[in-house]
Amino acid sequence: MMEASAVKVDHLTLFFDDIPEKPVLNDISFEVNEMENLLILGPSGCGKSTLTHCLNGLFPRELDGNMNGDIFINQKNATDYRNGEISQHLGVVFQDPETQFCMFTVEDEIAFGLENKGVSPNEMEDKIDEVLGLVKMKECKHRNITTLSGGQKQKLALACILAMEPEILVLDEPTANLDPVAAKEFIHTLQQLQQHKKFSLLVIEHQLDGWVSLIDRSIMINAKGEIFYDGELRHGINKHRDTLEQLGIWIPKATKLALELEKKENHTFENLPLTIHELAAQSIDFKPSLNKGNGKPNQHDLAIKANELLWSKKDTDIINAKDIHLYSGQFVMILGANGSGKSSLSKLLAGIEKPSKGSVQLYDKPLQGWRERELRTKIGYVFQNPEHQFISDTVFDEVAFSLRLQGLTEREVINRVKAILEQCQLTSFTDLHPYTLSQGQKRRLSVATMIVDNQSLLFLDEPTFGQDASSTNQLLNLLMERHAQGTGIVMITHDMELVYQYAERVLVMENGQIALDTTPEQLWSLTREQLKQWQLELPVQVKLQRLLQKDVGYVHS
């Protein structure tokens, strides 16, 4: 007897009115069986997030374009469901969780869905506490959603969906904003939940580490919105290793390291390893690659000096940091658990927010002494949420905005904008509204608006979130070019591989304070317990080195 399908997509093709000649999804068909875990892989902008809008019934109802083909949810055509009815069976956690919030507090946001489902007030309180416990956010129950970090918002979105108990769960980049330990706990929570709740799982994810043991099957989509593989993940990665690299699709970190070893050491893996322990079990000669940083900066090139910074909201201290010095030409990474104050600190240092007490100086001049327009020619800031900085109606005008303020000729503006859009793989979207782009494309646009200028200091809050491997590499190459020219880079990230490859200095945040100011090499020398205190993990290169040395006490996966 064949298994019943929870989801069936039958010859789905979708066009947007803005680009009628190019389908976003092109004749795709697949099924998800009951209790099956399916992973969807593809480059940024290939239609993965668009697919979620089709599955939950948002498209074609709200689609500015055309959609052909059929979608069946629990063997019923999606078009036969009443508005909002699909959400009782299929829950979606979107790539940008803010798009699905409609209440002010954490508790009320979860209660909203339960009220619509007809849950009694007596049951509601227990259900809210249960799902907040599952995502480890009980202490945030009464907080305003606007005060949450990006990672906390992502966990709240999951809690809201879990409270509805759907039979099908769709997760779009669910761990992108989570710190390394929280991401691992998130996946473990899903494994435990699935044993009790019995739901099918469809995951769209760039970062595959941690998902390997949970996923039953994978679908791979190319840049044309076509499925080119449907089957077991390990087989697909081995069979299409070259295609995945060409398309810029992320693969597990251990697999990526194995491919690098093949090129360097002339070693061929018959079956590519998917985990670090599988890689360590092979007979390999591993020599760690060197950091791409340019060494320590000249200590006399002080760019930002902050003293006794205190930033409070409603009698709660968000940031309480002593002395901070940032130098021109330095590549600094800010690390820490979700909600530790990383974004808040960066906004204070960049002059986006004003401290309650203390001072910040840029080149020995207090920030409040700079005119805003002049300050922005010195400091660029890329927000965690790209929409927070968009102000124009087209991609071209968004990048051109600051150049026009500088009084450049239109010919100079056109030339510089064209060059940066090509570097950021956005040439095809010149005339589109920024809000119509995919999340990954929005992220690249937000970076393009900053690096088109020649600021001496760039702050970037999770710039690689939602990016495929190709876009991430291009973005980091752009930043390294700017860094080589003397630009200081301050990046917030959860990606320990980026820290390993690029950071010259690391600031670790804990409860609004700088708990550690060190080098990456010194960070790796800390114990497992110390790293876990800050929700950090070792990068894959260091893990492999420790495993090969049989120093397994340092390696946790």
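Remember, it's a predicted structure, so these values are computed and weren't measured experimentally. (Residues numbered from 1 in each chain as written. Predicted model: local features only at pLDDT ≥ 70, side-chain atom pairs only at ≥ 80, totals over all residues. Heavy atoms only, no water.)

*Asks:* Please provide a residue-by-residue account of the sheet that holds strand β7 (residues 168-172), values included.
*Replies:* Pairing is mixed in the open sheet, where six strands are placed in the order β6-β7-β8-β3-β9-β10. The open sheet is flanked by β6 (90-93) and β10 (227-231), the only strands paired with a single partner. Pairwise comparison of adjacent strand axes, ignoring direction, gives a mean angle of 15° for this sheet. Pairing geometry for strand β3 (residues 37-41) and strand β8 (residues 200-204), over four bridges, is parallel. Counterpart to N37 in the pairing with β8 is L201. (Pairing = 2+ DSSP bridges. Helix = DSSP H or I, 4+ residues; strand = E, 2+ residues; numbered from the N terminus. Axes fitted to C-alpha atoms, helices over the stretch in contact; angles between N-to-C directions.)

*Asks:* Pulling in residues and values, what's your account of the sheet that holds strand β4 (residues 65-73)?
*Replies:* With antiparallel pairing, four strands are arranged side by side in an open sheet as β2-β1-β4-β5. The sheet is open, and its two borders are formed by β2 (25-33) and β5 (76-77), each paired with just one other strand. Sheet topology places strand β1 (residues 5-16) next to β4; eight bridges connect them, and they run antiparallel. What sits directly across from F16, in β4, is G65. The strands touched by helix α1 (residues 48-55) are β1, β2 and β4; relative to β1, the strand with the most contacts, the crossing angle is about 120°. (Contact = heavy atoms within 4.5 Å.)

*Asks:* Account for the nonpolar core, with residues named and values stated.
*Replies:* Across soluble globular proteins, you tend to see nonpolar side chains buried next to one another. Membership of the largest hydrophobic core comes to 64 residues, with the highest contact counts inside it found for I110 and W211. Counting residues per element, this core draws most heavily on helix α5 (residues 150-164), which supplies eight residues. Once residues lying within four places of it in the same chain are set aside, the contact partners of I110 are I128, V131, L132, L156, A159, C160 and A163. Residues V395, A400, I414 and A503 belong to the second largest nonpolar core, which totals 51 residues. (Core = buried A, V, L, I, M, F, W, Y, C linked by side-chain atoms within 4.5 Å. Buried < 20%, exposed > 50% of the residue type's maximum accessible area, 1.4 Å probe, protein only.)

*Asks:* Mind laying out the packing of helix α13 (residues 395-405) against helix α14 (residues 410-423), listing which residues take part and the relevant values?
*Replies:* At their nearest, the axes of α13 and α14 sit 9 Å apart, and the two run at 125° to each other. With respect to each other, α13 and α14 are oriented oblique. The interaxial crossing formed by α13 with α14 has right-handed handedness. Contacts between α13 and α14 involve V395, F396, V399, A400, L403 and R404 from the former and E410, V413, I414, R416, V417, I420 and L421 from the latter. Its residues assigned to classes, the contact of α13 with α14 comprises 10 nonpolar, no polar and three charged. (Parallel < 35°, antiparallel > 145°, perpendicular 65-115°, else oblique. Left-handed = near helix turned anticlockwise from the far one by under 90°. Nonpolar A, V, L, I, M, F, W, Y, C, P; charged D, E, K, R; others polar.)

*Asks:* Hey, could you go over a nonpolar patch on the surface for me, with residue numbers and the actual values?
*Replies:* A contiguous nonpolar surface patch, about 290 Å² in accessible area, is contributed by I391, F401 and L405. Tracing the sequence through the fold places L405 in helix α13. (Patch = residues over 30% accessible without salt bridge, like charges linked within 9 Å, V, L, I, M, F, W, Y side chains within 5 Å. Areas by Shrake-Rupley, 256 points an atom, 1.4 Å probe, with all protein chains shown as cover. Salt bridge = Lys/Arg side-chain N within 4 Å of Asp/Glu carboxyl O.)

*Asks:* An account of the UniProt feature "domain: ABC transporter" (unreviewed entry) in the protein is needed here, citing residue identities and associated values.
*Replies:* When the UniProt feature table is mapped onto this chain, "domain: ABC transporter" (unreviewed entry) is found at residues 7-249 and 304-536. Split by type, residues 7-249 is 35% helix and 24% strand. Its first and last C-alpha atoms lie 24 Å apart. Helix makes up 36% of residues 304-536 and strand 26%, with an end-to-end C-alpha separation of 26 Å. (UniProt positions renumbered as here; feature names shortened; annotations may be inferred.)

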